[in-house]
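So you can see what is in the structure, the chains are spelled out below.
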Amino acid sequence: MRIERLELRLLKLPLVHFFETSFGRIDDKHFIIVRVDGGGATGYGECVAERDPYYSAETNETAWHIIADFIAPRVLGVDFAHPRDVFPALKAIRGHNMAKAAVEMAAWDLHSRQRGEPLARVLGGARHRIASGVSIGIQPSLDDLAAKIERELAAGYRRIKIKIKPGWDLGPVETARARVGDVPLMVDANAAYTLADADHLARLDAFGLMMIEQPLDYDDVADHAALQRRLQTPICLDESIKTVAVAREAIAARACRIINIKPGRIGGFAESIRLHDLCASHGIPVWHGGMLESGIGRAANIHLSTLPNFSLPGDVAASKRYFDPDVIEPPIEVAADGTIEVPGGPGLGVSIREDRLDHATLKVSTLKAQR
Ligand code: OSB
Ligand code: MG
């Protein structure tokens, strides 16, 4: 596989509903799409960096800079035997995993399309459907939360996650549990608490939550280990798992019992497969996280979720919860049993609507191989 041309686009797409977490609210999604062309085929990747450095240190501006000035020169015109060789070729660049993952994902799509195989199969996955859950943001009121939960259950989702923060935790969880019955329920704090809140967080044990995601700081492992010793509810780490090496430390420290995999956070699919396998070898279940992706990143997430240790429903929901219309066709849909079909065509298996990309584009840059 050889990438002859790389196109970067910054897009702005309005969200169907605003999304609020402990670190803030967004009404529009700003993101980068990478398109690579080579050997007569095209591949796409989505960067999960956001406009602001609140979920992670990376932003669209840093990703654009790193891709254009450091990643593109290391991949354009280079012969790669397999897309798993892309991440190691970027080893000189420290961090910037979201930027790396966006280009690497486009390379996997390109390679899969050239071979005429679905991305899932090239990644080593076997399932034809994946289990889908939803992530419900912080709501203006408990009534809004209850209404939102009813709507998602009616849509078929069989795992509900609600965002929490200090001042929006016990009440919302009580409301949510009353609505969902015995449907699996979990919470995500996006790093909003400290170890001083341990007694307060232990009160969540009464609600039989499937897990509590990232209660403490975004780069912490040690305090999560201390907190896990004081909670019955399993801790799942998201933000903290920036690399496979940190995951190894977190598992050894018993800082979590579950791990959320987002390829963007750890540098792409090759690293995601390593993390998936590491967790499997330690009996740690994984699930696929979400970053409010457009259909391009969403399709990719579905393909990765076909690996066997993705044994819990992911934050990989239907397109229409996020964007209407989506930039792909057909849109991703959830069935009444809460599952999503894995697209069967080559690569991502979805058609990219270039006209919709054009409509949402804020800026474009095209880079070509010099050799
Ligand atoms: O922490 O999982 C998170 C969205 C943006 C940034 C971080 C997170 C999220 C979500 C939404 O929870 C998941 C989704 O529906 O895509
Ligand atoms: Mg999270």
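A quick note: this is a predicted structure, and the numbers were derived from the prediction, not measured.

Visitor: Report on the site of ligand 1, specifying residues and quantitative values.
Guide: Ser135, Lys163, Asn190, Leu292 and Tyr322 are the nearest of the 16 residues found near ligand 1. At 2.8 Å, a side-chain N or O of Lys163 approaches an oxygen atom of ligand 1. For the shell around ligand 1, the per-class residue count stands at 5 nonpolar, 3 polar and 8 charged. Both domain 1 (5-118 + 351-368) and domain 2 (122-341) contribute no fewer than three residues apiece to the shell around ligand 1.

Visitor: Which residues make up helix 1 (residues 60-75), and what values go with them?
Guide: Think of an α-helix as 3.6 residues a turn; residues three or four steps apart then line up on the same face. Where helix 1 bends most, at Ile67, the angle is about 45°. Along helix 1, the residues classified as buried are Asn60, Ala63, Trp64, Ile66, Ile67, Ala68, Ile71, Ala72 and Val75. Where helix 1 is buried, its residues contact strand 1 (5-21), strand 2 (24-38), strand 3 (41-47), helix 2 (86-89), helix 3 (97-115) and strand 15 (361-368). Count one or two residues on from helix 1 and you reach Gly77, which has phi positive near 75°.

Visitor: Lay out the nonpolar core with the relevant residues and their values.
Guide: Among the nonpolar cores identified, the biggest contains 89 residues, and Ile160, Ile162, Ile259, Leu275 and Ile296 are the most heavily contacted of them. Considering every element that reaches this core, the biggest residue donor is helix 11 (residues 269-281), with 6 residues. Looking at which domains feed residues into this core, each of domain 1 (5-118 + 351-368) and domain 2 (122-341) supplies at least three. Leaving out residues up to four positions away in the same chain, Ile160 has contacts with Val134, Ile136, Ile149, Glu152, Leu153, Val180, Val183, Pro184, Leu185 and Met186.

Cut-offs used in this document
- Residues numbered from 1 in each chain as written.
- Chains lettered and ligands numbered in written order.
- Predicted model: local features only at pLDDT ≥ 70, side-chain atom pairs only at ≥ 80, totals over all residues.
- Heavy atoms only, no water.
- Near = heavy atom within 4 Å.
- Polar contact = N/O pair within 3.5 Å; in protein donor to acceptor, adjacent residues only side chain to side chain.
- Nonpolar A, V, L, I, M, F, W, Y, C, P; charged D, E, K, R; others polar.
- Domains from an automatic or database assignment.
- Bend = angle between axes of the 7 residues up to and from the residue.
- Helix = DSSP H or I, 4+ residues; strand = E, 2+ residues; numbered from the N terminus.
- Buried < 20%, exposed > 50% of the residue type's maximum accessible area, 1.4 Å probe, protein only.
- Contact = heavy atoms within 4.5 Å.
- Core = buried A, V, L, I, M, F, W, Y, C linked by side-chain atoms within 4.5 Å.

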